[in-house]
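Each chain, letter by letter, is given below.
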Amino acid sequence: MKSALLKLRELESTMSSTEANISRYIRNNPEKACTLTVRELAENAYASPSSVIRLCHAIGFKGFKDFREVLLLELAMLGRELNHKERDVALGDSMETIIEKVTFNNIRSLEDTQHLLNPDTLSDCAKLLVTCRTILLFGMGSSLCVAKDTYLKFLRMNKPCIVNEDWHSQLLQAKNSSPEDAAIIFSYGGQTKEMIECMNVLKKNQTPCIAVTRYALSSIAKLADYCLYTAANETLFRNGAMSSRLSQLNVVDILYTGFAFLQHDYAMKQLVHTHIQKEEPGGGEP
C-alpha cells in the first residue's frame, strides 16, 4: 500500500520551505486535508495550488486527486496512528519505559519500511542477484555491519559475494567490477561521499547497482538502478545507527528470501549442506 503521510515525513527535510509548510499542514491535519479541494488546501497552508500539485508529483503521485485518494485509504486502514511521533528516551525513564520506547520505535521503523518497499522492484533485484556473477557489497559504519550480515546469508547459498572492511578496498572492488556483477550499496542517509565515489566507478563499469537507502532525493538514490527504501525513527540516543540498521537488515532478509525462493530446491539443499551442527550443552567428553 502506498503511504502518503510516510512519504511526506521522509521527504520533508529535502523540500522547499513552501512545500514543507504544505507537508506539515497535511501531516498535522490529515482528516481535514482529505475533505479539501486543492485550492482550499493551498489557502490553509498559505501556498498556491500549483505548489500543492508540485508536492504531490515530488512524492510520487499523479496529482492531488491521486494523493487524496491514497490518503483517504491510508486513514481508513491505519488511522492517524501511522502519522506517529517517535518516543524519545528521557532522563529519568525507568528501564521498563526504555524497553517500551526503544521497542516501539523499532517496530515503527519496520512497519514504515514495509510501506515504502515496492514488490516489483524487490522481485527484479532478487532475479538480478540470481543471474549475476558476483555480489559486491558496500557500506560504511553501521551500514557495513549490514553488508557483513548480507555476506553471511549469501555465503550459505554458495553465491560468490565480496565485502571489504575499509573504503579503499571497497573502491578497488568497484574498479574491478563488470556488467556481469551486481552491487548492493547500504547508506541510510544516501549522501555518504565514499559510497557515492564507489557508485560513480560502478556506473562507469556498467555494473547494476541496488541501493538500500532512505526514501529521499539523495545522490545515492539517483545513481542506483534499483532503490529499496527504508525508514528509521531515530531519536536522540539512536542517532542514525539503531532503527535504520534494523530496517536495512529487514530489507536484506526479504531480498535473501526472495533470492532463495527463485531457486527453491537448490536453496533447501544448500541450507542443509551448510548447516553447522552445534554441540548440545553438557554433551562433551566428561
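Before reading further, recall that the structure is shown in the block above.
First, a word on what this report is: a plain description of the structure on this page.

Reading guide: rules and limits
Residues numbered from 1 in each chain as written. Predicted model: local features only at pLDDT ≥ 70, side-chain atom pairs only at ≥ 80, totals over all residues. Heavy atoms only, no water. Helix = DSSP H or I, 4+ residues; strand = E, 2+ residues; numbered from the N terminus. Contact = heavy atoms within 4.5 Å. Areas by Shrake-Rupley, 256 points an atom, 1.4 Å probe, with all protein chains shown as cover. Pairing = 2+ DSSP bridges. Axes fitted to C-alpha atoms, helices over the stretch in contact; angles between N-to-C directions. Disulfide = S-S within 2.5 Å. Core = buried A, V, L, I, M, F, W, Y, C linked by side-chain atoms within 4.5 Å. Buried < 20%, exposed > 50% of the residue type's maximum accessible area, 1.4 Å probe, protein only. Right-handed = clockwise from strand over helix to strand, strands pointing away.

A tally of helices and strands in the protein yields 14 helices and five strands. Considering only contacts in the protein between residues 6 or more positions apart, those separated by 24 or more positions represent 73%. Accessible surface for the protein amounts to roughly 14,900 Å². Of this, 55% is attributable to carbon and sulfur atoms.

To continue, consider the sheet that holds strand β1 (residues 135-139). In space, the five strands of this open sheet follow the order β2-β1-β3-β4-β5, with parallel pairing throughout. Lying at the two open borders of the sheet, with one neighbouring strand each, are β2 (161-163) and β5 (226-230). Neighbouring strand axes in the sheet, compared pairwise and without regard to direction, differ in orientation by 20 degrees on average. Pairing geometry for strand β3 (residues 182-186) and strand β4 (residues 209-214), over four bridges, is parallel. Looking at β4, one finds that F186 is bridged to V212. In this fold helix α8 (residues 119-131) packs onto β1, β3, β4 and β5, with an angle of close to 120 degrees to the strand it touches most, β5.

All right, on to the state of the cysteines then. A covalent bond bridging the sulfur atoms of two cysteines is what the word disulfide describes. For the structure shown, the criterion picks out zero disulfides. Free of any disulfide, C161 has its nearest cysteine sulfur in C132, 8.5 Å distant. No disulfide involves C227; its nearest neighbouring cysteine sulfur is the one of C125, lying 8.9 Å away.

Ranked by internal contacts, the top residues of the largest apolar core, which has 50 residues, are I26, I59, F67, L71, F138, I185 and L202. It is helix α11 (residues 193-204) that contributes the most residues to this core, six residues altogether. Apart from the residues lying within four places of it in its own chain, the contact partners of F138 are Q170, Q173, A174, A183, I184, I185, F186, M195, C198 and L202. Judged by nonpolar contacts, the second largest core, of 28 residues, contains I135, F186, F259 and A260.

Looking now at the pairing of β4. Taken across its six residues, β4 has six buried, putting it largely inside the fold. The parallel pair β3 and β4, bridged by α11, forms a crossover whose chirality is right-handed. Pairing analysis gives five bridges linking β4 to β5, with the strands arranged parallel. The residue of β5 that forms the bridge with V212 is L228.

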